[in-house]
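Take a look at the letters that make up each chain.
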Amino acid sequence: MILSSPSQDKMLKESFHKLIASDPIFRVCARTELERTFKNVHCLELAKDQTLFCKGDWPDGVFLLESGGVKIVRDIENGKDVIIRLLGKRALVGMDELIGERHYAKSAICVAPTRVYLLPRKPFMRLIYSNITCFNGVIDQLTKDLVFTRTRIVSMSQKTTS
(Lines give C-alpha, C1' and ligand atoms only; values in the text may rest on other atoms or scores of the structure.)
Protein backbone atom coordinates (compact mmCIF):
# COMPACT_ATOMS: atom_id res chain seq x y z
CA MET A 1 0.00 0.00 0.00
CA ILE A 2 1.27 3.45 -0.90
CA LEU A 3 -0.04 6.46 1.02
CA SER A 4 0.29 9.98 -0.34
CA SER A 5 -1.28 13.38 0.15
CA PRO A 6 -2.82 15.38 -2.73
CA SER A 7 -1.99 18.61 -0.88
CA GLN A 8 1.70 17.89 -1.53
CA ASP A 9 1.42 16.60 -5.11
CA LYS A 10 -0.01 18.99 -7.70
CA MET A 11 -1.01 16.30 -10.24
CA LEU A 12 -2.65 14.20 -7.52
CA LYS A 13 -4.48 17.29 -6.24
CA GLU A 14 -5.87 18.03 -9.71
CA SER A 15 -6.87 14.41 -10.19
CA PHE A 16 -8.66 14.37 -6.82
CA HIS A 17 -10.57 17.61 -7.45
CA LYS A 18 -11.63 16.50 -10.91
CA LEU A 19 -12.88 13.20 -9.44
CA ILE A 20 -14.75 14.65 -6.47
CA ALA A 21 -16.33 17.40 -8.58
CA SER A 22 -17.79 14.71 -10.87
CA ASP A 23 -19.52 12.91 -7.98
CA PRO A 24 -23.28 13.66 -7.81
CA ILE A 25 -23.07 14.43 -4.08
CA PHE A 26 -20.32 17.04 -4.41
CA ARG A 27 -21.08 18.38 -7.90
CA VAL A 28 -22.88 21.43 -6.45
CA CYS A 29 -19.93 22.49 -4.27
CA ALA A 30 -17.55 25.20 -5.35
CA ARG A 31 -13.98 24.06 -5.92
CA THR A 32 -12.77 26.36 -3.13
CA GLU A 33 -15.24 24.76 -0.71
CA LEU A 34 -14.03 21.27 -1.66
CA GLU A 35 -10.37 22.32 -1.39
CA ARG A 36 -10.96 23.83 2.04
CA THR A 37 -13.06 20.89 3.26
CA PHE A 38 -10.84 18.09 1.99
CA LYS A 39 -7.37 19.59 2.46
CA ASN A 40 -6.28 16.56 4.54
CA VAL A 41 -7.38 13.84 2.13
CA HIS A 42 -5.12 10.80 1.77
CA CYS A 43 -4.57 8.85 -1.41
CA LEU A 44 -4.06 5.10 -1.07
CA GLU A 45 -2.72 2.86 -3.80
CA LEU A 46 -3.55 -0.75 -3.13
CA ALA A 47 -2.65 -3.95 -4.95
CA LYS A 48 -5.08 -6.66 -5.97
CA ASP A 49 -6.32 -8.64 -2.92
CA GLN A 50 -5.33 -5.92 -0.44
CA THR A 51 -7.99 -4.99 2.07
CA LEU A 52 -9.47 -1.49 2.12
CA PHE A 53 -11.30 -2.13 5.40
CA CYS A 54 -12.30 -5.16 7.48
CA LYS A 55 -15.46 -6.18 9.26
CA GLY A 56 -15.34 -4.75 12.78
CA ASP A 57 -13.15 -1.74 11.90
CA TRP A 58 -14.40 1.73 12.79
CA PRO A 59 -14.79 4.01 9.73
CA ASP A 60 -12.32 6.90 9.60
CA GLY A 61 -14.11 8.38 6.62
CA VAL A 62 -15.50 7.51 3.20
CA PHE A 63 -13.43 6.06 0.38
CA LEU A 64 -13.74 7.53 -3.13
CA LEU A 65 -12.43 5.16 -5.82
CA GLU A 66 -10.47 6.75 -8.62
CA SER A 67 -9.42 3.55 -10.39
CA GLY A 68 -9.55 -0.19 -9.95
CA GLY A 69 -12.31 -1.84 -8.01
CA VAL A 70 -13.33 -3.48 -4.76
CA LYS A 71 -15.60 -6.32 -3.80
CA ILE A 72 -17.72 -5.89 -0.72
CA VAL A 73 -17.89 -9.19 1.14
CA ARG A 74 -19.80 -10.37 4.17
CA ASP A 75 -18.98 -13.52 6.06
CA ILE A 76 -21.73 -16.03 6.62
CA GLU A 77 -21.82 -19.20 8.68
CA ASN A 78 -19.00 -21.71 8.25
CA GLY A 79 -16.52 -18.86 7.67
CA LYS A 80 -17.49 -18.45 4.02
CA ASP A 81 -17.56 -15.03 2.37
CA VAL A 82 -20.34 -13.89 0.08
CA ILE A 83 -19.77 -11.06 -2.40
CA ILE A 84 -22.45 -8.46 -1.77
CA ARG A 85 -21.38 -5.96 -4.38
CA LEU A 86 -18.64 -5.01 -6.83
CA LEU A 87 -17.73 -1.33 -7.02
CA GLY A 88 -15.58 0.47 -9.57
CA LYS A 89 -14.22 3.91 -10.22
CA ARG A 90 -16.09 6.94 -8.88
CA ALA A 91 -17.84 4.86 -6.20
CA LEU A 92 -18.10 6.03 -2.61
CA VAL A 93 -17.41 3.14 -0.24
CA GLY A 94 -18.25 2.86 3.46
CA MET A 95 -20.70 5.72 3.63
CA ASP A 96 -23.50 3.74 5.30
CA GLU A 97 -21.40 2.81 8.34
CA LEU A 98 -20.00 6.31 8.64
CA ILE A 99 -23.44 7.92 8.53
CA GLY A 100 -24.88 5.23 10.82
CA GLU A 101 -21.96 5.62 13.25
CA ARG A 102 -21.28 1.92 13.49
CA HIS A 103 -18.45 -0.54 12.84
CA TYR A 104 -18.15 -2.08 9.40
CA ALA A 105 -20.39 -5.14 9.06
CA LYS A 106 -18.54 -6.17 5.91
CA SER A 107 -15.08 -6.04 4.34
CA ALA A 108 -13.82 -4.36 1.16
CA ILE A 109 -11.11 -6.14 -0.84
CA CYS A 110 -9.44 -4.87 -3.99
CA VAL A 111 -10.12 -6.90 -7.14
CA ALA A 112 -7.47 -5.01 -9.14
CA PRO A 113 -4.79 -2.41 -8.42
CA THR A 114 -6.84 0.40 -6.91
CA ARG A 115 -6.37 4.08 -6.15
CA VAL A 116 -8.72 5.53 -3.53
CA TYR A 117 -9.01 8.76 -1.60
CA LEU A 118 -9.97 8.70 2.05
CA LEU A 119 -12.36 11.57 2.77
CA PRO A 120 -11.92 12.07 6.53
CA ARG A 121 -14.93 11.64 8.83
CA LYS A 122 -15.20 15.12 10.38
CA PRO A 123 -14.85 17.23 7.20
CA PHE A 124 -17.18 14.88 5.30
CA MET A 125 -19.87 15.02 7.99
CA ARG A 126 -19.48 18.78 8.42
CA LEU A 127 -19.96 19.33 4.68
CA ILE A 128 -23.02 17.14 4.28
CA TYR A 129 -24.70 18.61 7.36
CA SER A 130 -23.99 22.19 6.28
CA ASN A 131 -25.01 21.77 2.63
CA ILE A 132 -28.58 20.55 2.08
CA THR A 133 -27.87 19.56 -1.52
CA CYS A 134 -24.96 17.36 -0.43
CA PHE A 135 -27.11 15.93 2.35
CA ASN A 136 -29.87 15.09 -0.13
CA GLY A 137 -27.25 13.53 -2.43
CA VAL A 138 -26.13 11.25 0.40
CA ILE A 139 -29.73 10.25 1.14
CA ASP A 140 -30.29 9.58 -2.57
CA GLN A 141 -27.13 7.42 -2.78
CA LEU A 142 -28.00 5.45 0.35
CA THR A 143 -31.52 4.89 -1.02
CA LYS A 144 -30.12 3.60 -4.32
CA ASP A 145 -27.81 1.25 -2.40
CA LEU A 146 -30.75 -0.02 -0.35
CA VAL A 147 -32.89 -0.66 -3.47
CA PHE A 148 -29.95 -2.44 -5.13
CA THR A 149 -29.44 -4.65 -2.07
CA ARG A 150 -33.14 -5.43 -1.73
CA THR A 151 -33.37 -6.35 -5.43
CA ARG A 152 -30.30 -8.58 -5.11
CA ILE A 153 -31.74 -10.37 -2.05
CA VAL A 154 -35.05 -11.02 -3.82
CA SER A 155 -33.20 -12.29 -6.89
CA MET A 156 -31.00 -14.60 -4.79
CA SER A 157 -33.97 -15.95 -2.83
CA GLN A 158 -35.82 -16.76 -6.08
CA LYS A 159 -32.79 -18.69 -7.34
CA THR A 160 -32.62 -20.83 -4.20
CA THR A 161 -36.32 -21.71 -4.33
CA SER A 162 -36.31 -22.62 -8.03
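Refer to the structure above for everything that follows.
So, a few notes on the structure that sits alongside this text.

The next subject is the overall build of the protein chain. Across its full length, the protein chain holds five helices and nine strands. The C-alpha atoms of the protein chain give 16 Å as radius of gyration, which agrees with the globular expectation for 162 residues (15 Å, within 12%). Once the C-alpha set of the protein chain is aligned to its principal axes, its extents read approximately 55 × 35 × 25 Å. Counting only residues that meet the buried cut, the protein chain has 38% of its 162 residues in that class. Sequence separation of at least 24 residues holds for 75% of the intrachain contacts in the protein chain that already meet a minimum separation of 6.

Its location among the elements puts Lys-122 in helix 4 (residues 121-130). Separated by 62 residues in the primary sequence, Lys-122 and Asp-60 place their C-alpha atoms 8.7 Å from one another.

Centre-to-centre distance and the angle between the planes together describe a pair of aromatic rings. What the rule picks out here adds up to seven aromatic pairs. Ring centres of Phe-53 and Phe-63 lie 6.0 Å apart, and the angle between their planes is 20°; on these two criteria the pair is classed as stacked. Remark: Phe-63 occurs in strand 4 (residues 61-67) and Phe-53 occurs in strand 3 (residues 51-53); sequence separation between them is ten residues. Summarising the burial analysis for this pair, Phe-53 and Phe-63 share the class buried.

Looking now at the nonpolar core. Judged by nonpolar contacts, the single largest core of 24 residues is most densely connected at Ile-20, Phe-26, Phe-38, Leu-92, Leu-119 and Phe-124. Elements represented by at least two residues in this core include exactly helix 1 (10-22), strand 4, helix 3 (95-100), strand 9 (114-120), helix 4 and helix 5 (132-161). Discounting chain neighbours no more than four positions away, the residues touching Ile-20 are Phe-26, Leu-34, Phe-38, Leu-64 and Leu-119. Phe-53, Tyr-104, Val-116 and Leu-118 belong to the second-largest nonpolar core, a separate cluster that totals 16 residues.

By secondary structure assignment, the location of Arg-121 is in helix 4. There is no salt bridge for the buried Arg-121, and the closest opposite charge comes from Glu-101, which lies 5.0 Å off by N-O distance. Separated by 2.9 Å, the side chain of Arg-121 and the backbone oxygen of Pro-59 make a polar contact. Ignoring sequence-local partners within four residues, the contact set of Arg-121 consists of Trp-58, Pro-59, Asp-60, Gly-61 and Leu-98.

Our focus in this paragraph is the state of the cysteines. Within this structure, the stated rule accounts for zero disulfides. Residue Cys-29 stays outside any disulfide, its sulfur separated by 3.3 Å from that of Cys-134, the closest cysteine. The exposure class of Cys-29 is buried, given its relative accessible area of 9%. Cys-54 provides the cysteine sulfur closest to Cys-110, a residue in no disulfide bond, and the two sulfurs are 11 Å apart. Look at Cys-110 and you get buried, because its relative accessible area is 1%.

Scoring rules and cut-offs
- Residues numbered from 1 in each chain as written.
- Predicted model: local features only at pLDDT ≥ 70, side-chain atom pairs only at ≥ 80, totals over all residues.
- Heavy atoms only, no water.
- Helix = DSSP H or I, 4+ residues; strand = E, 2+ residues; numbered from the N terminus.
- Rg over C-alpha atoms; globule rule 2.2 N^0.38 Å.
- Buried < 20%, exposed > 50% of the residue type's maximum accessible area, 1.4 Å probe, protein only.
- Contact = heavy atoms within 4.5 Å.
- Phe/Tyr/Trp six-rings, centres within 6.5 Å; stacked < 30°, edge-to-face > 60°.
- Core = buried A, V, L, I, M, F, W, Y, C linked by side-chain atoms within 4.5 Å.
- Lys, Arg positive; Asp, Glu negative; His and termini not counted.
- Salt bridge = Lys/Arg side-chain N within 4 Å of Asp/Glu carboxyl O.
- Polar contact = N/O pair within 3.5 Å; in protein donor to acceptor, adjacent residues only side chain to side chain.
- Disulfide = S-S within 2.5 Å.

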